Amino acid sequence: MGVIPTQRETVSRAPSPAPGIPARRSADRRAVVHATLGGGPLAAGAARGLVRAALAEWAQLGLPGAASLPERLIDDAMLVVSELVTNAVVHAGTDVELACRLETSGEPEAEGGEVGAGGKGPVLLVEVSDHHPSRAPRDGGVELPYDIPEYGRGLRLVSVLSEAWGVTYRTGVKTVWARLPAEGTRTDDDFEAYDDTQALGRGLRAGEVPAPEPQRGPHDQEWLDHGALSFLAEASDLLAGHLDEDHVAALTAQLLVPRLADWCAVWLEDESMGRGSWSDGGGAGGGGNGGRWGSGGYVGPGPRLTGVWHRSEERVEELRGALEKDPPRPPDTSRTGPVPVPWPGDALGDVHEQAREDAREDAREDACGGGPGREDTGAALAYRLVAGGRPLGTLVIGRAGAICFPDEVTGLVEDLSRRVALAVGAARQYARQATISRILQRGLLPGAVAEIPGISSALVYEPCDKGGPSGDFYDLFPAGAGRWCFAVGDVQGKGPEAAVVIGLARPWLRLLAREGYRVADVLDRLNQLLLDDATETADAAARALVAAEGRHGPPGAAAGPTGGAGGSFASAVPGGLGAVRPGEGPQTRFLSLLYGELVPFDGGVRCTLASAGHPLPLVLRAGGEVLTAAEPQTLLGVVEDETYTSGSFELWPGDSLLCVTDGVTERRCGPRQFDDGDGLASALAGCAGLSAQLIAERISRLVHEFGEQPPEDDLALLVLQTG
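Worth saying up front: this structure is predicted, and the values here are computed from it rather than measured.

## Side note on the environment of A56
Point 1. For A56, the position within the fold is in helix α1 (residues 43-61).
Point 2. Residue classification places A56 among the partly exposed residues on the basis of a relative accessible area of 48%.
Point 3. Along the primary structure A56 and A66 are separated by ten residues, whereas in three dimensions their C-alpha atoms are 8.3 Å apart.

## Description of the side chain of T722
Point 1. Inspection of the secondary structure assignment puts T722 in strand β25 (residues 715-722).
Point 2. Of the residues examined, T722 reaches a relative accessible area of 5% and is grouped as buried.
Point 3. Only 2.3 Å separates the side chain of T722 from the backbone oxygen of W652, close enough to count as a polar contact.
Point 4. In this structure, T722 is in contact with G454, V605, L651, W652, P653, G654 and D655, ignoring residues within four places of it in sequence.

## Points about the pairing of strand β2 (residues 32-37)
Point 1. Burial of β2 is one-sided: the residues V33, A35 and L37 facing one way are buried, the residues V32, H34 and T36 facing the other way are not.
Point 2. In this sheet, strand β3 (residues 96-103) lies alongside β2 in antiparallel orientation, the contact comprising six bridges. Counted as the bridge partner of V33 is C100 from β3.

## Section: the sheet that holds strand β17 (residues 591-601)
Point 1. Pairing is antiparallel across the open sheet formed by five strands, whose spatial order is β15-β16-β17-β18-β21. Edge positions in the sheet fall to β15 (472-480) and β21 (647-651), since each of these pairs with one other strand and no more. Here the average twist between neighbouring strands, direction ignored, is 20 degrees.
Point 2. Those strands touched by helix α10 (residues 495-514) are β15, β16 (483-491) and β17, and its axis lies near 15 degrees from that of β15.

The rules we used
- Residues numbered from 1 in each chain as written.
- Predicted model: local features only at pLDDT ≥ 70, side-chain atom pairs only at ≥ 80, totals over all residues.
- Heavy atoms only, no water.
- Helix = DSSP H or I, 4+ residues; strand = E, 2+ residues; numbered from the N terminus.
- Buried < 20%, exposed > 50% of the residue type's maximum accessible area, 1.4 Å probe, protein only.
- Polar contact = N/O pair within 3.5 Å; in protein donor to acceptor, adjacent residues only side chain to side chain.
- Contact = heavy atoms within 4.5 Å.
- Pairing = 2+ DSSP bridges.
- Axes fitted to C-alpha atoms, helices over the stretch in contact; angles between N-to-C directions.

If you want it as structure tokens, here you go:
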């Protein structure tokens, strides 16, 4: 990479200002919008929505120049914002700063002091900044076979749409800006969209362009105007909104038909197949039995036909059957671009004679030749779907009565296929993560709660993040000798870190209980267990850091596994754990826990429990009185050699014990929490006379109704009621 420039690189495409025009422009302070966007796949769509809303608001307020902005400028702004934000997200990976302002007179001065050429009408200035200035903006280049560009048309498109653009580097920040004039400064020949040798005109907006007749070349030229670029941006938003690969395939087919093709089919393949599934004459398709075509015939497993669509809906199943029976077989290739494939048999061969004649005439006008026999059926192209160097499937499009596809269409579909591949890859990553999370969640919670003689139980468990392990857990199990034990806990944080703590705590709770340890002793030992585990994790992190940096501790550190008598390796490292860089050290593992033991006897149940940093349990007597059933104590995993205590009480027939996590007590509605002013006790008092199940449902409903927004924390609730 070249040297990072220290000042803005400016490209001006506008004529020099005439004498008498001010050298600067003025901007109404209200005609400015600024936002910070997260560096994710939805940033571009959010940026477009923000700018479009700002332009509409400025026009409604009657700001100078806002009401006279042409629709062409608004469309240009959407495309430039989309490309600049996408460029920043993909190549910087940081949060993105977006600024947009409307200037109405004179000459604009963009950020950094550079003054570009101007015009007489309003000018919209767009600036996008990221926080990774060591990466230069990417603008085309040679593509490796499996290096899929994720940056759209990038700065080439920006340079076409703007009268001036540039890049500013400051400490820690890189800003790409573009100035969009209300009065156009470019000619039609400047608008290169998808082919380096063929220029496209401008004219219709995306919403005003009718879908072309797929077999007619002149209609392609009209639709592949500015509307095609808007179509690509909107399609990207639609694809990013789906996290199921089958839905992505189905959406892709319906996006392409009938705008760009008469029919479309998408095959998806297992990534374990690797590259080269087209080799030996193998097809990109797969039959109904999940195989693929090879030199020895049809073998499996292989791609599966996932999405099929035809401009005539009644022919979709006919097309699917033909493609499953005889899928296209493109040659072995590592390209992501279009590869011609044979027309799929007789199922689509009965195109109208007039359509064939129109296609032949268009082809003669465009000097576009076709393969032998193609004029009697149609043209079909295959695109490999590749993301992150991994082939994910194949996209095939076809147009009846055509000799070949125009270059502009093939370029547009190729660009869309790259976005489809990225969407499929994201959907698969999400599916893998969701599967792992479900497996973890099943392993962290009991398969079923125990049934206790004379006691009915009810449980409400609602993880906030449906796609990841929860930080809350519960258990209710027999401990032997006529005892049953229960636990409701909450781990600091969520996700894998929380899963580690729950996976450590819950089995030890059961083991210690079944070994006959009392309630307080169980908490003492679990507290020490968490502290020991944290120490071992810190030692491992310190050793890894020393090994990575090539440093060695003092001589005493090598005396034994713990770095000397009575010490840990972490303490022997210079600076201790302070030498660990932020984010690389072990995470402190706190656990709040409510743990108790139930022993039924004639006429009631004796309950012994203790709370370690957990919301205190409540007892609802049969007569409606509500009591607090424990004393607050320290969180587990915080204080060395902490001694915990427990308390005992009796539950008589009709009494209920309510145990919750902080997702209930700290449920928010503005500045208020659900348990403010003993809100939970008041809610429980209103449940007198209800069964355990109805109490659980009522408390859960009241918690949800307390705030307008969905809960932001996990929620666990256990009710135990004597019969």
